[in-house]
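A closer look at the structure
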Amino acid sequence: MLLLLGRRVPLSLVHRLTTCCPSSSLSRPVLLSSALIKLTAITRVTHSTVFVSGQNTGTMPERRPFVRLPTDVYPVNYGLCLKPDLIDFTFEGKLEALVEVTQATNQIVMNCADIDIITASFAPQGGEEINATGFNYQNEDEKVTLSFPSALQKGSGMLKVDFVGELNDKMKGFYRSKYSSAAGESRYAAVTQFEATDARRAFPCWDEPAIKATFDIALIVPKDRVALSNMNVIERKPYPEDENLVEVKFATTPIMSTYLVAFVIGEYDFVEAQSSDGITVRVYTPVGKAEQGKFALEVATKTLPFYNDYFNVPYPLPKIDLIAIADFAAGAMENWGLVTYRETALLIDPKNSCSSSRQWVALVVGHELAHQWFGNLVTMEWWTHLWLNEGFASWIEYLCVDHCFPEYDIWTQFVSADYTRALDLDALDSSHPIEVNVGHPSEVDEIFDAISYSKGASVIRMLHNYIGDEDFRKGMNAYLLKFQHKNASTEDLWDCLEQASGKPIALVMSSWTKQMGFPIIEVEEEQQGDDRIVKLSQKKFCASGPHDGEDCPSWMVPISICTSEDPKCSKLKVLLDRPETTITLNGVPPDQWIKINPGTVGFYRIQYSSSMLESLLPGVRDLSLQPVDRLGLQNDLFSLSRAGMISTVQVLKLMEAFVNEPNYTVWSDLSCNLGVLSSLLSHTDFHEEIQEFIRDLFTPIGLELGWDCKAGEGHLDALLRSLVLGKLGKAGHKPTLEEARRRFRDHVEGKQILPADLRSPVYLTVLKHGDSATLETMLKLHKLADMQEERNRIERVLGAISAPDLIQKVLTFALSEEVRPQDTVLVIGGVAGSSKQGRKAAWKFVKDNWEELYNRYQGGFLISRLIKLTVNGFAIDKMAAEIKSFFESHPAPSAERTVQQCCENILLNAAWLKRDADDISQYLLQRKAPPSV
């Protein structure tokens, strides 16, 4: 669905996800699935104890009973006319739906929420109109039953409903979005966000993905406003009852699901181009900012033909619009023909946007346009198969960006942003399988998470590698042709890929989608002459250590092995379909190392024997291991140390071997892990020692890069410079701090404006070591900023300020009118992630303001993001109990799983600290000690 905002991103990609704040030492973000959602606040009080993988995961809510809509009446076409009032924030609606009655009934059950029906009637084809005699609203189930005095007979007829509703301020359904006119006056646009279950807030409908129909939409709007919908405008005429209004009619849509319907009424400029295959592409921007739509337009016009070619199925609509919405909860939403975006996910200012913003926009555009085929043309049958939509789009967005911008080295970044993030979450006992049986709408929000998006994308990447690109494309084409304009399940895709490749796809993939977690592959070797005998075994990997229970699950694991002779090429591929196996690699002399999972494609962790690990370390130092494999090796070991399987000191020693590392993504992953460690050690009295370790590790690369861009540098150099300077500045590296203060002063005084790529690290550095005057200056820059990207950049780092009274000031600012509702979470998360004091203050602030925050975000994934960012960094057992207790008395149904995951993470942090703190302290002190004579 949408683009969620929570992927694990490198610190220099901080704009991308609300969870990776540069000011945060807890720098593993939360991915907003490329997606968004709604949540109905239904308190569920029955609980049962659940055991997963032989371990007690605590209490999980019992799923509330849920019944899908009856099938005795279904829609064929919706004729829908809406008239929003942008002053009073209400709307009037008229629905004329052509329906088919499949068996006689005296009632029609539809979805409906926050809508009042005025009148309803049914006219059978060729028969007399029958007025409904009652409307029974089932609010908890978001349904309405229209009752008729006599049975509606089998056959077609016209259902007419007049209704009214509210243009709400909750960023879901048909809602209002605040913006400023050129003169600074506050105005409102009327916009939509329907995925997953919020079309029912705009009009009564059959709001289930499998109940598809065509739509004829008309909007009655002020004549000076732009009106858009999924299809092209076919008529615009004066509205007879009010000369200030016009009626805008749109062409009939293809058959489609309700969650993909969209309309926008507001003031916008646009830029336009034709794609090479003849589709009209427009990017709509705030008035006066058309220039900022050009980069997204360029990406979109390259992307449509790429997907046309890749799927070998033409884009089925005459146009596609991409539009920036001021108040928007997710990253973006793939409405067919009218894709909506946060401003920061679409707009690029050639002078004031940083490199990471350009990359983020390219990925989000790639993601949403992929959905035009995979999701919109062929739609999941029910939300259980959501992962297929989101996992697929989250994988192919990288394929598309790699095609458009090969210089981004985007597949290496995938491993840091998606793959390792999914491994981290899926190692928890409170994770869930990729495929989750979803019933009630209030359960849907919980699965728009890193499992659906990032694990989904990672297993599709593994599958693509296992099948090969040619057969994968052949299978995808067969799937899209077979199910176009229909609905499909996961198994339907497996069938098509199996027929194309001749491989046991369903058998292999069900082990990855139907059970949660993943294996750790333990590797041992023995030399026999010129052959290497390799023993492989698999166990479930848990964040608390390997699973040693009797009923250990197992996976069908595609394994590749390479050697130092050719680190990029697999010497052998096997499918590990049992707990252990032994294989022989011929012609591998003793002086060669072997590496499992070259390219870091297989979704598993690896534990080598100590001698094998020792032989791989020179490949890190001399860079003979591929960048993605250097990253994967370090990330595996870091994860093993957190699980108590190796000492954290061992990982610190490995990290020191990266001193010659040139690759941006390897550094960004290293930086994220050091951020986690720094956050953990903020609970000790040797936090300064880990800062010194960070300074020592990052200083050589910092000196090499310098502050200013050099001739011949590219995208990745800009990202690396931003990352390294931010890391050094935050860790208190004096020369970096002094230079950041000097450049900041010049920037504020207008002598020398900071390049966009240096703003995050400079802002972060001066705030971290700043006072009230620094904060005042930063808030002034925020107020003056014309671009949302710049405002977000500042919001993310405000929490770095250290003084307790200033931390409070930042938290108060988070809920002020100065910060857009969806961005409050960024500011609070920045405070929680920046220091031990910030974490405590942010948690207290969230508790004290819970009513306002919950009222603002309930029924969406932002509430989960807020909780995760605020509490995930604690490392004291009693905090887990306090958090659990708070949410028992302040239930947040859509965030229940998030609360469990946070409590589990806190207990894991506490155990890690208890286990390794003394050894880490000793190692860090010993590094500084002069060598004994």
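Residues numbered from 1 in each chain as written. Predicted model: local features only at pLDDT ≥ 70, side-chain atom pairs only at ≥ 80, totals over all residues. Heavy atoms only, no water.

How we decide: UniProt positions are given in the numbering used here, feature names are shortened, and annotations may be inferred rather than shown by experiment.
By the naming in an unreviewed UniProt entry, the chain goes by Aminopeptidase and is assigned to Eleginops maclovinus. Annotation of the chain in UniProt includes, under Sequence similarities (unreviewed entry), the sentence "Belongs to the peptidase M1 family." The UniProt entry for the chain carries the following text under Subunit (unreviewed entry): "Monomer."

A word on the overall build of the chain
Condition: What counts as a helix is a DSSP run of H or I of at least four residues, what counts as a strand is a run of E of at least two, and both are numbered from the N terminus. Note on method: radius of gyration uses C-alpha positions; expected globular size equals 2.2 Å times residues raised to 0.38. Throughout, exposure labels follow a simple rule: accessible area from a 1.4 Å probe, protein chains only, divided by the maximum for the residue type, with under 20% read as buried, over 50% as exposed, and the rest as partly exposed. Here the accessible surface of atoms and residues is derived via Shrake-Rupley with a 1.4 Å probe, and residues count as covered only by protein chains that are part of the display. Just so you know, the count uses Lys and Arg for positive and Asp and Glu for negative, and it drops His and the chain ends. Charged groups are reduced to one reference atom each: NZ for lysine, CZ for arginine, CG for aspartic acid, CD for glutamic acid.
Secondary structure assignment for the chain yields 25 helices and 32 strands. Compactness check: the chain gives a C-alpha radius of gyration of 28 Å against a globular reference of 30 Å for 933 residues, within 12% of the reference. Seen along its three principal axes, the alpha-carbon backbone of the chain occupies a region of about 105 × 65 × 55 Å. The proportion of buried residues among the 933 residues of the chain is 66%. Of the roughly 32,100 Å² that the chain leaves accessible, carbon and sulfur atoms contribute 50%. Within the chain, one finds 93 positive and 120 negative side-chain charges whose respective centroids are separated by 3 Å.

Here's the deal with the nonpolar core
Threshold: Take the buried Ala, Val, Leu, Ile, Met, Phe, Trp, Tyr and Cys residues and link them wherever side-chain atoms come within 4.5 Å; each set so joined is a nonpolar core. Note on contacts: a residue pair is in contact if any heavy atoms of the two residues lie within 4.5 Å.
With 313 residues, the main nonpolar core has Leu159 and Tyr479 as its most contacted residues. Residues within four places of Tyr479 in sequence aside, it is in contact with Phe374, Val378, Leu388, Ala488, Asp492, Leu493 and Cys496. Cys81, Ala218, Tyr239 and Leu245 belong to the second-largest nonpolar core, a separate cluster that totals 5 residues.

A closer look at the pairing of strand S20 (residues 319-325)
Cut-off, in case you're wondering: Pairing between strands is defined by DSSP: at least two bridges between them are needed. Handedness of a crossover is defined as follows: with both strands directed away from the viewer, a clockwise route from the first strand across the helix to the second makes it right-handed.
Counted residue by residue, S20 has 7 buried out of 7 residues, so it is predominantly covered. Residues Lys319, Asp321, Ile323 and Ile325 line one face of S20 and the alternating positions Ile320, Leu322 and Ala324 line the opposite face, and both faces are buried. Across 5 bridges, strand S19 (residues 280-285) lies against S20 in parallel orientation. Its bridge partner being in S20, Thr280 is matched across the sheet by Lys319. Regarding the hand of the β-α-β motif, the stretch spanning S19, helix H1 (residues 294-311) and S20 is left-handed. As paired elements, S20 and strand S22 (residues 338-342) share 5 bridges and run parallel to each other. Looking at the pairing, Ala324 lines up with Tyr341 of S22.

A closer look at the UniProt feature "site: Transition state stabilizer" (unreviewed entry) in the chain
Under the UniProt annotation, "site: Transition state stabilizer" (unreviewed entry) lies at Tyr453. For Tyr453, the position within the fold is in helix H5 (residues 450-467).

Description of helix H22 (residues 850-857)
The periodicity of an α-helix, 3.6 residues per turn, causes residues three or four positions apart to be oriented the same way. Under the convention used in this document: When we speak of the arc, we mean the arc of directions from the helix axis to the C-beta atoms.
Every buried residue belonging to H22 is among Trp850, Leu853, Tyr854, Arg856 and Tyr857, and all of these are buried. Buried residues in H22, looked at end-on, bunch into an arc of 160°, giving them a common side. Buried residues along H22 sit in contact with helix H20 (824-834), helix H21 (836-848), helix H23 (862-871) and helix H24 (877-889). Gly859 sits one or two positions beyond H22 and adopts a positive phi of about 80°.

Notes on helix H14 (residues 715-730)
For clarity, the threshold we go by: Each residue after the first adds 1.5 Å to the expected span of a helix.
Its 16 residues place the ends of H14 23 Å apart at the C-alpha level, agreeing with the 22 Å of an ideal helix rising 1.5 Å per residue. H14 sits mainly inside the fold: 14 of its 16 residues count as buried. Just downstream of H14, Gly732 is the residue with a positive phi angle, here 85°.

Some points on the packing of aromatic side chains
Our working rule: Here a pair means two rings of Phe, Tyr or Trp (six-membered ring of Trp) with centres within 6.5 Å. Their orientation is stacked below 30 degrees between planes, edge-to-face above 60, and tilted elsewhere. Charge over a ring is defined by NZ of Lys or CZ of Arg lying within 6 Å of the ring centre and within 35 degrees of the ring normal.
A full pass over the atoms with the stated rule returns 47 aromatic pairs. Between Lys302 and the ring centre of Phe405, over which it is positioned, the NZ or CZ distance is 5.2 Å. Sitting over the face of the ring of Tyr466, Lys503 holds its NZ or CZ atom 4.6 Å from the ring centroid.

Structural notes on a nonpolar patch on the surface
Formally: Put simply, a patch holds well-exposed residues, over 30% relative accessible area, that have no salt bridge, with like charges counted together within 9 Å and Val, Leu, Ile, Met, Phe, Trp or Tyr side chains within 5 Å. Salt bridges are defined as contacts in which a side-chain nitrogen from Lys or Arg sits within 4 Å of a carboxyl oxygen from Asp or Glu.
Residues Tyr74, Val76 and Leu98 make up a contiguous nonpolar surface patch of roughly 220 Å² in combined accessible area. By secondary structure assignment, the location of Val76 is in strand S3 (residues 73-85). The partly exposed category is assigned to Val76, whose relative accessible area is 35%.

Points about the sheet that holds strand S8 (residues 134-138)
Stated formally: Here an axis means a line fitted to C-alpha atoms, over the contact stretch when the element is a helix, while the angle between two N-to-C directions is reported on a 0 to 180 degree scale.
Taken in spatial order, the 3 strands line up as S5-S9-S8 in an open sheet, and their pairing is antiparallel. Both outer strands of the open sheet, strand S5 (105-111) and S8, are each paired with one neighbouring strand and no more. This sheet shows a mean twist of 25° between the axes of neighbouring strands, independent of strand direction. With 6 bridges joining them, S5 and strand S9 (residues 143-152) adopt antiparallel strand pairing. Paired with Asn111 across the two strands is Lys143, which belongs to S9.

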